[in-house]
Amino acid sequence: MKINAYAALEPNGKLEPYSYELGELGSEQVDIKVSYCGVCHSDLSMINNDWGMTQYPIVPGHEIVGEIVAAGEAVKNVKIGDKVGLGWFSASCMSCQECMGGEHHLCASNESTIVGRHGGFADYVRGHWSWAIPLPQAIDLSKAGPLLCGGITVFNPIILSGVKPTDKVGVIGIGGLGHMAVKFLKHWGCEVIAFSSNPNKKDEILGMGATKVINSREPEELESIAGSLNFILNTTNVSLDWDSYLTTLAPKGKLHTVGAVLEPMAIPAFSLIGGEKSVGGSPLGSPALNKTMLEFCVRHNIYPTVEEFPMENINEALEHLEEGKARFRIVLKN
Ligand SMILES: [Zn+2]
Ligand SMILES: [Zn+2]
């Protein structure tokens, strides 16, 4: 099977049309005809080899929505003709402690859709059936892609941290991930404070359900909510003054990061000890939680705010993202 895709051939390279042969379909694998694919910041990080694990040529794209066109004889749960999503992960071992516990996203031998194999900026993509997440019938396919990576990344911490509807929460960075977090937490029932340093986004952020937008560059604005938040989710990948965010937490509050901050985070022990506060992180979420999230989205009509580009305008879309202009997530259409 010949796949027509877009690949970067070197670090920071533009994407170019690139075709490759997919070998024989494995007994537990499915082939998905790509209808839409979201553009995630991790695609840029991988194209640029920011994490030192990119193999070139790389076909990025891991927020895939499409239809199953081929299925191996041992495939379960999905079948040819099903509409499915495929996110950051494309296979798990299915036998380790984590997989057996339903936490496939923590499997040490996970395969990632764009690491050492080719992703969804293509006409077809392959994956293990466990990560081909069946999409609810009523879902808007044109906006569902970003839920499979960005969405589950910010949905999992809400479950993991036991966020309650009565909680007052904060979201740092209102971009691709953060704007979905604001929408989820609003529908969860929480009072949501958004931390953003871009005043131009303020009205849109309030429209998404935040009760207040705090300019994180103004120390006195942070001080005005000192000791009040039960949970803060960081979605940025830059070093911030973490201690000043810890002071906005109520006792027992938690600062949780899903943003891959590359520098060590400076967390003074005394800022945690006095109020029994904690700091944590998490990667994506399990296949079962993906399904739960998608049903929650359909029930409450929660979708990312997206800008659509034709797949062939991929370089224009990546530039738009890199320049920080995306409002708020980009989706490519095949
Ligand atoms: Zn991603
Ligand atoms: Zn496993």
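Refer to the preceding data block for the structure.
Residues numbered from 1 in each chain as written. Chains lettered and ligands numbered in written order. Predicted model: local features only at pLDDT ≥ 70, side-chain atom pairs only at ≥ 80, totals over all residues. Heavy atoms only, no water.

Colleague: Could you give an account of the side chain of His62, with specific residues and numbers?
Modeller: With respect to the element layout, His62 can be found in the loop between helix H1 (41-47) and strand E4 (64-71). For His62, a relative accessible area of 0% puts it in the buried group. Separated by 2.9 Å, the side chains of His62 and Asp43 make a polar contact. Other than its neighbours up to four places away in sequence, His62 contacts Cys37, Cys40, Ser42, Asp43, Leu86, Gly87, Trp88, Thr113, Ile114 and Cys149. (Helix = DSSP H or I, 4+ residues; strand = E, 2+ residues; numbered from the N terminus. Buried < 20%, exposed > 50% of the residue type's maximum accessible area, 1.4 Å probe, protein only. Polar contact = N/O pair within 3.5 Å; in protein donor to acceptor, adjacent residues only side chain to side chain. Contact = heavy atoms within 4.5 Å.)

Colleague: Let's hear about the coordination of the zinc ion (ligand 1): which residues, and what values?
Modeller: For the zinc ion (ligand 1), the full set of protein donor atoms is Cys40 (SG), His62 (NE2) and Cys149 (SG), at a range of 2.0 to 2.2 Å. Summarised as a motif, the one-chain spacing of the donors to the zinc ion (ligand 1) is C-x21-H-x86-C. Here His62 lies in the loop between H1 and E4 and Cys40 lies in the loop between strand E3 (29-39) and H1, a separation of 22 residues in the sequence. Assigned by exposure class, Cys40 and His62 land together as buried. (Donors = N, O, S within 2.8 Å, 3.2 Å for Na, K, Ca; no water.)

Colleague: An account of the sheet that holds strand E13 (residues 229-234) is requested, with residue identities and associated values reported.
Modeller: Pairing is parallel in the open sheet, where six strands are placed in the order E12-E11-E10-E13-E14-E15. Looking at which strands have only one partner, the edges of the open sheet turn out to be strand E12 (212-215) and strand E15 (278-281). Put simply, the sheet's adjacent strands are angled 20 degrees from each other on average, direction ignored. (Pairing = 2+ DSSP bridges. Axes fitted to C-alpha atoms, helices over the stretch in contact; angles between N-to-C directions.)

Colleague: Got a sec to walk through the coordination of the zinc ion (ligand 2)? Specific residues and values, please.
Modeller: For the zinc ion (ligand 2), the full set of protein donor atoms is Cys93 (SG), Cys96 (SG), Cys99 (SG) and Cys107 (SG), at a range of 2.3 to 2.4 Å. In this structure, the zinc ion (ligand 2) is coordinated by four donor atoms arranged in tetrahedral fashion, with angles at the metal of 104 to 116 degrees. Linear spacing of the donor residues for the zinc ion (ligand 2) on their chain is C-x2-C-x2-C-x7-C. Residue Cys99 is classed as buried on the basis of its relative accessible area, which comes to 5%. (Tetrahedral: all angles 85-135°; square planar, octahedral: opposite > 155°, others 65-115°.)

Colleague: Could you give me a rundown of the pattern of salt bridges, with the residues and numbers involved?
Modeller: Applying the stated criterion to the full structure yields nine salt bridges. Across the pair Asp82 and Lys79 runs a salt bridge whose closest N-O atoms are separated by 3.1 Å. Residue Glu323 is joined to Lys325 by a salt bridge in which the shortest nitrogen-to-oxygen separation is 2.8 Å. The exposure class of Lys325 is partly exposed, given its relative accessible area of 46%. (Salt bridge = Lys/Arg side-chain N within 4 Å of Asp/Glu carboxyl O.)

Colleague: With reference to specific residues and values, describe helix H11 (residues 314-322).
Modeller: For H11, the complete set of buried residues consists of Ile314, Ala317, Leu318, His320 and Leu321. Along the axis of H11, the buried positions cluster into a sector of 155 degrees, meaning they face one direction only. For H11, the secondary structure elements touched by its buried residues are strand E1 (2-8), strand E2 (15-21), E3, H1, strand E16 (306-310) and strand E17 (329-333). Where H11 ends, the next residue or the one after it, Gly324, has phi of about 75 degrees, a positive value. (Arc of directions from axis to C-beta.)

Colleague: Give a description of the side chain of His104 that names residues and reports values.
Modeller: Tracing the chain through its elements places His104 in the loop between helix H2 (97-100) and strand E7 (111-112). By relative accessible area, which is 13% here, His104 ends up buried. Apart from the residues within four sequence positions on either side, His104 is in contact with Ser92, Met94, Glu98, Cys99, Asn110, Trp131, Ser286 and Pro287.

Colleague: Describe the packing of aromatic side chains, and please don't skip the residues or the numbers.
Modeller: One pass over the structure, following the stated rule, counts ten aromatic pairs. Measuring from centroid to centroid gives 5.1 Å for Phe195 and Tyr245, while their planes differ by 85 degrees, and the two rings are edge-to-face. With Phe195 in strand E11 (residues 191-196) and Tyr245 in helix H8 (residues 242-246), this pair connects stretches of sequence that are 50 residues apart. Both residues of the pair, Phe195 and Tyr245, count as buried. In this structure an aromatic cluster arises from ring pairing among Phe155, Phe184, Trp188 and Phe296. Over the ring of Phe328 we find Arg327, and its NZ or CZ is 5.8 Å from the ring centre. (Phe/Tyr/Trp six-rings, centres within 6.5 Å; stacked < 30°, edge-to-face > 60°. Lys NZ or Arg CZ within 6 Å of the ring centre and 35° of its normal.)

So yeah, pure geometry; function would need other evidence.
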